[in-house]
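So the chains spell out like this:
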Amino acid sequence: LEAEQLPQLPGAFVEACDDASAEVEVVGDSAEYGNLRVELEPDSAFRFSRVDTGETYMYVRIGFSAPTLLESCAPAAAAPTANTRMRAAMVTIADAAAWCMRRRACAGFAARVHASCGDVDVLNTTRLVHFHTNSAPPPTDAAHNFADAALFTIDEADGTGMHASPETTSRTEPPFTFTASGPGDRHTSPHDHEDADTRGGGGWLEWTKPEVGFLKAQIETAPGSNEERIYGLGQGGWTKPPKGCPSGPQSVVPLARNGQTINLLQTKFNVAIPFAYSTLGYGFVFNMPGYGSVHVGAEGAGGTRWVANAALSLDFWVSGLPKGAKSSAASPIYSQYAEATGHAPMLREEAMLFWQSRNRYKSSAIALKIASNYSKLSLPVGVLVIDYKNMVADGDFAPDPACYPSVKALSSGVRAALNATTVFSFWPEVTQNSKEYTLLNRSNCLINAALGGRVVDATVRACRTLIWDKFLYPRYYQQGVSAYWLDETDGEGTSGGYLPFSGGYETSFGPKAFASNAWVNQWLATFSEPVKAAGREEPLILTRGVWAGGQRHGVVLWSSDIWSSFEELAAMVPQGVHASLSGIPWWTTDVGGYGCGFAQPNDSPYMRQLIVRWYQFGLFCPIFRTHGCRKGSAEPDTAQCKPAQGSCGGNEVWSYGAETQALLERYVTLRASLLLPYIRELALNVSKHGVPTMRPLWYEFPDDASAVHVDDQYLLGPDLLVAPVTVENATTRSVYFPCSAARGGWRSFWNASVLVPCGARITVAAPLETIPVFRRA
């Protein structure tokens, strides 16, 4: 930190409290700042309350402890082979933890066990212990077993020889003994929810090896009222990891976080953000960027329990309502959160329009032809995206010249055809065969193993400067590309990147258990801060990961590589609200789904219906962006351009047949003709006041008790009530119309003569061409 001239570990906040006027010298056992009072209670709890009304927000108890080894005698099972004949290793949890502690490469494990013993909650069904290493990539989904973790050798003859490797090559130290499993056993992943629900009656035990030299820190909050509900905490929870694609049932995660446990390590499909909004009128940030978790008390109980697995100190932030504010007012808390962690810059005008993308435009010629076709259709496209694998090797920091001979000609051509921005995709990996590997490695800018390469350590200021000055500025920014897609920023590419107990980044800030989540905002800063400093335009970054405070980098968060299905579409509706309530206002999905794990051909009735319903949802999202790997025809390679990775089928408005095209064109046009003024006004309020874009119904109607548990509708800004259709072949849907004390009603967005009274749940018509949307009367 000294070398980087930093007073403290960078975290969620804009800067440290250097201004003495912002510090309160505590004399005695209480202090006040504005309308917030904190008092030390006789039982050593801190009481946070309002000065003006005396209402209690919460009681906070803080604790530190030395990490302890698991000492349960409960036996667990291990699957040593990936074939259909499964054997189980009967070991105790204590043995497994001790074995892992003795080996540097072992990072932790997940286990299902068949007895309850000691202080460890375990299951009554024999299952798998899955170790994961720091040095090897995660095992494939087909073989979550010891052998694939590159840590063990297996004696297939009798199933008794599991031995350590690579540290130990001797076959004389079998830490566990294998015994034959029962005929009903099968090999499952640690997050096989179906298996956990029907066979074990519970979940998995996940254990991370303690970080030497660090303490475990914990905060428990008890609410001033048991009516507390908690919101925010990031995006995730709808699918089960660890997978490259979603798997299992795709869930609608309730907007109220009560009763949920969120793992705070960012992994694919889990962009946890440690900001919580309480309906008692306060905001809370757990400014600890390492491994940890938060459990939210059930409705009727409230409260939270925050844990940091590796801590040197404890940093948290509480913000209460200003004097005179109603206790149900959420906007002041979000405004204060933005003041502390940074305001989102004003969204560029073109980013408010439709974004066209697919996997992937593999040459400038193809991208320019797409732009020309949209221009001929007179469709208002604001952004055209060049997806991943546009370089010869990740880490070149330049597109393949055989396929993209001139970045300037491409960006200028797109601007001329559509007046649109061109976006290029970057991964944080630098492979050994990339052009810039030697320079970055010599400059000490590369860290832990990733997908076939290493990762840029963006926590080092000199590395961020080098990448911008040497690569990004001359090769992209000066060529007309000032908006960027930062893919795989959720830690997927790190060793163990799918696992909530061993993924993440070892950086200059410290071990991944201590500071992994702090990496992503520094990587975003590599691309955003120089654009901001240039003053020509605001930064614009599409990203798959972001941490608390990342909104100040001009980010658009998207929900990763999802299925192309109605089930997934339904799961996405509340995810945008979760993100917005976590301080990340600009959010999107791959409209149509990416097609990762499930997809239907473009010309199938299913896909044609799905793409229409998803475009409707996208039209009323903060960012309207289509993307995906489609099952359809793709452009052939040319003699000049033969990339190692091809592209998927078309994902343009004309890719799904003439009837579907007419509907999709309508939505692209409506975004510019009807929604743009509203989005522009919303963006101004977001940047000035920090307000959410996608809002739960209770946000604007806090006195309507029936609005609280509506998870399949949302408000876009203050006035538009959106009810996406997420069921195949549906032509109607039930809509709840929230009510304020002033009553009033709702007018159809499509037909202003249709007036619906508030406070009612009504089944409305929703033919394929229409999404139910209503405006406050």
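Residues numbered from 1 in each chain as written. Predicted model: local features only at pLDDT ≥ 70, side-chain atom pairs only at ≥ 80, totals over all residues. Heavy atoms only, no water.

A. Structural detail: the pattern of salt bridges. This structure, assessed with the given rule, holds 28 salt bridges. One salt bridge connects D590 with R625, and the closest N-O pair in it is separated by 2.8 Å. Residue D590 is located in the loop between strand 30 (587-588) and helix 11 (605-619), and its partner R625 is located in strand 31 (residues 624-625); the two are separated by 35 residues in the primary sequence. The exposure classification of D590 matches that of R625, with both residues buried. Within the structure, one salt-bridge network assembled from shared partners comprises K268, D487, D490, E492, R544 and D561. (Salt bridge = Lys/Arg side-chain N within 4 Å of Asp/Glu carboxyl O. Helix = DSSP H or I, 4+ residues; strand = E, 2+ residues; numbered from the N terminus. Buried < 20%, exposed > 50% of the residue type's maximum accessible area, 1.4 Å probe, protein only.)

B. Focus on the sheet that holds strand 17 (residues 282-286). Here 4 strands make up an open sheet; going across it, the order is 14-16-17-20 and the pairing antiparallel. Taken across any chain shown, the strands that pair with only one partner, and hence form the sheet edges, are strand 14 (230-236) and strand 20 (316-320). Going across the sheet, the axis of each strand differs from the next one's by a mean of 20°, ignoring polarity. Across 5 bridges, strand 17 lies against strand 20 in antiparallel orientation. Across the sheet, F286 pairs through a bridge with F316, a residue of strand 20. On top of the sheet, helix 3 (residues 331-341) reaches strand 16 (270-278), strand 17 and strand 20; it is set at about 140° to strand 20, its chief contact. (Pairing = 2+ DSSP bridges. Axes fitted to C-alpha atoms, helices over the stretch in contact; angles between N-to-C directions. Contact = heavy atoms within 4.5 Å.)

C. The arrangement of the state of the cysteines in detail. Following the criterion strictly, the structure yields 5 disulfides and no others. Through a disulfide, C403 is tied to C641; the S-S separation comes to 2.1 Å. Its S-S torsion of approximately 95° makes the covalent link between C403 and C641 right-handed. Placement of C403 in the loop between strand 22 (381-386) and helix 5 (407-418) and of C641 in the loop between strand 31 and helix 12 (658-689) is noted, with a sequence separation of 238 residues between them. The exposure class of C403 is buried, given its relative accessible area of 4%. Each sulfur in the disulfide pair C445 and C463 lies 2.1 Å from the other. One quick way to see it: the torsion about the S-S bond of C445 and C463 is about -90°, and its sign makes the bridge left-handed. On the criterion of sequence distance, the pair formed by C445 in the loop between helix 6 (437-442) and strand 25 (446-449) and C463 in helix 7 (residues 461-475) is long-range, its members being 18 residues apart. Residue C445 is classed as buried on the basis of its relative accessible area of 1%. (Disulfide = S-S within 2.5 Å.)

D. Local environment of the packing of aromatic side chains. With the rule as written, the count across this model stands at 47 aromatic pairs. An angle of 40° between the planes, with centres 5.7 Å apart, marks the rings of Y277 and Y334 as tilted. Placement of Y277 in strand 16 and of Y334 in helix 3 is noted, with a sequence separation of 57 residues between them. There is no split in this pair, since Y277 and Y334 are both buried. The ring of W750 carries the charged tip of R666 above its face, separated from the ring centre by 5.1 Å. (Phe/Tyr/Trp six-rings, centres within 6.5 Å; stacked < 30°, edge-to-face > 60°. Lys NZ or Arg CZ within 6 Å of the ring centre and 35° of its normal.)

E. Highlighting the side chain of R613. Within the secondary structure, R613 is located in helix 11. Buried within the structure, R613 lacks any salt-bridge partner; its nearest side chain of opposite charge belongs to E769, at an N-O separation of 7.2 Å. At 2.7 Å, the side chain of R613 forms a polar contact with the backbone oxygen of A766. If sequence neighbours within four positions are ignored, R613 has contacts with F566, L569, V725, A730, A766, P767, L768 and T770. (Lys, Arg positive; Asp, Glu negative; His and termini not counted. Polar contact = N/O pair within 3.5 Å; in protein donor to acceptor, adjacent residues only side chain to side chain.)

F. Structural view of the pairing of strand 17. Of all 5 residues in strand 17, 5 are buried, a share of seventy percent or more. Burial along strand 17 is two-sided: the residues Y282, F284 and F286 and G283 and V285 are all buried. Pairing of strand 16 with strand 17 involves 4 bridges; the strand directions are antiparallel. Within the sheet, the bridge partner assigned to Y277 lies in strand 17 and is G283. The turn joining strand 16 and strand 17, which pair antiparallel and follow one another in sequence, is formed by 3 residues; a positive phi near 105° is taken by G281.

G. Fine view of helix 4 (residues 364-376). Taking 1.5 Å per residue as the helical rise, helix 4 with its 13 residues ought to reach 18 Å, and the 18 Å between its terminal C-alpha atoms agrees with that figure. Those residues of helix 4 that sit buried are S364, I366, A367, I370, A371 and Y374. Buried residues in helix 4 make contact with strand 21 (354-356), strand 22 and helix 5. Where helix 4 ends, the next residue or the one after it, S378, has phi of about 55°, a positive value. (Expected span 1.5 Å × (residues − 1).)

H. Up close: the pairing of strand 28 (residues 540-543). Burial along strand 28 is two-sided: L540 and L542 and I541 and T543, pointing in opposite directions, are all buried. Bridge count between strand 27 (residues 483-486) and strand 28: 4 bridges; the pairing is parallel. Bridged to L486 within strand 28 is T543. As paired elements, strand 28 and strand 29 (residues 555-558) share 3 bridges and run parallel to each other. Considered in strand 29, the bridge of T543 is made with L557.

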